[in-house]
Amino acid sequence: MSHVLSEILQSWQSDRPGDPGHVLAHYVEHPDSVACTVAIAADGNLKGFQSLKIARPENDYDVPAGWGVIGTYVKLCSGRSGIGKLLFTRTLDAARQAGLTKIDATIGKSNFSGRGYYSAMGFRTWRDLPTATGKCLTLVPG
């Protein structure tokens, strides 16, 4: 997961951490984690992962408490191959099981593929930030 995240962060020229310790603490073992789903190819290589957390009061994401917060990271060479859609199917199941009614995806303004992905998954813009766009998916009880 760290390799996938680090590759993406480097392409964004971001100084955000992507080391294994950060990935473990921030995505896999985070106390607010609802789910962290991985996509692994038949050859055993990790193709991507998706994290879903629940936003607590006064959260780092500045979204309403009780909303889900999603992050999706797909290996750069594997984009547009259905991995994100597959990951989201599993994450959506986890969100519903957790009783979430809304999920936020905050995407950098320059991340056109990310904004397109979340729009394709049904997310709609709910806020415009100086450097990012906030998209929200309202879950219908099912």
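Here the structure is a predicted model, which means the values were calculated and not measured.

Caption draft 1: A look at the overall build of the chain. Each helix and strand in the chain was counted, giving four helices and six strands. Helices (α) and strands (β) of the chain occur, in sequence order from the N terminus, as α-α-β-β-β-α-β-α-β-β. Against the 2.2 N^0.38 benchmark of 14 Å for 142 residues, the chain shows a C-alpha radius of gyration of 14 Å, consistent with a compact globule. Referenced to the eigenvectors of the C-alpha coordinate spread, the extents of the chain come out at roughly 35 × 35 × 30 Å. Counting across all 142 residues of the chain, residues that qualify as buried make up 40%. Across the chain, the centroid of the 15 positively charged side chains sits 11 Å from that of the 12 negatively charged ones.

Caption draft 2: Representation of the layout of surface pockets in the model. Roughly 1400 Å³ of volume is contained in the largest pocket. Looking at the lining of the largest pocket, the elements with two or more residues in it are α1 (2-11), α2 (20-28), β2 (46-54), β3 (68-74), α3 (83-97), β4 (102-108) and α4 (112-120). Split by residue class, the lining of the largest pocket holds 19 nonpolar, 20 polar and eight charged.

Cut-offs applied
- Residues numbered from 1 in each chain as written.
- Predicted model: local features only at pLDDT ≥ 70, side-chain atom pairs only at ≥ 80, totals over all residues.
- Heavy atoms only, no water.
- Helix = DSSP H or I, 4+ residues; strand = E, 2+ residues; numbered from the N terminus.
- Rg over C-alpha atoms; globule rule 2.2 N^0.38 Å.
- Buried < 20%, exposed > 50% of the residue type's maximum accessible area, 1.4 Å probe, protein only.
- Lys, Arg positive; Asp, Glu negative; His and termini not counted.
- Charge placed at Lys NZ, Arg CZ, Asp CG, Glu CD.
- 1 Å grid on protein atoms, 1.4 Å probe; cavity = no way out; pocket = protein on both sides within 12 Å on 5 of 7 lines; lining within 4 Å.
- Points joined across faces, edges and corners; volume = space filled by probe spheres on them.
- Nonpolar A, V, L, I, M, F, W, Y, C, P; charged D, E, K, R; others polar.

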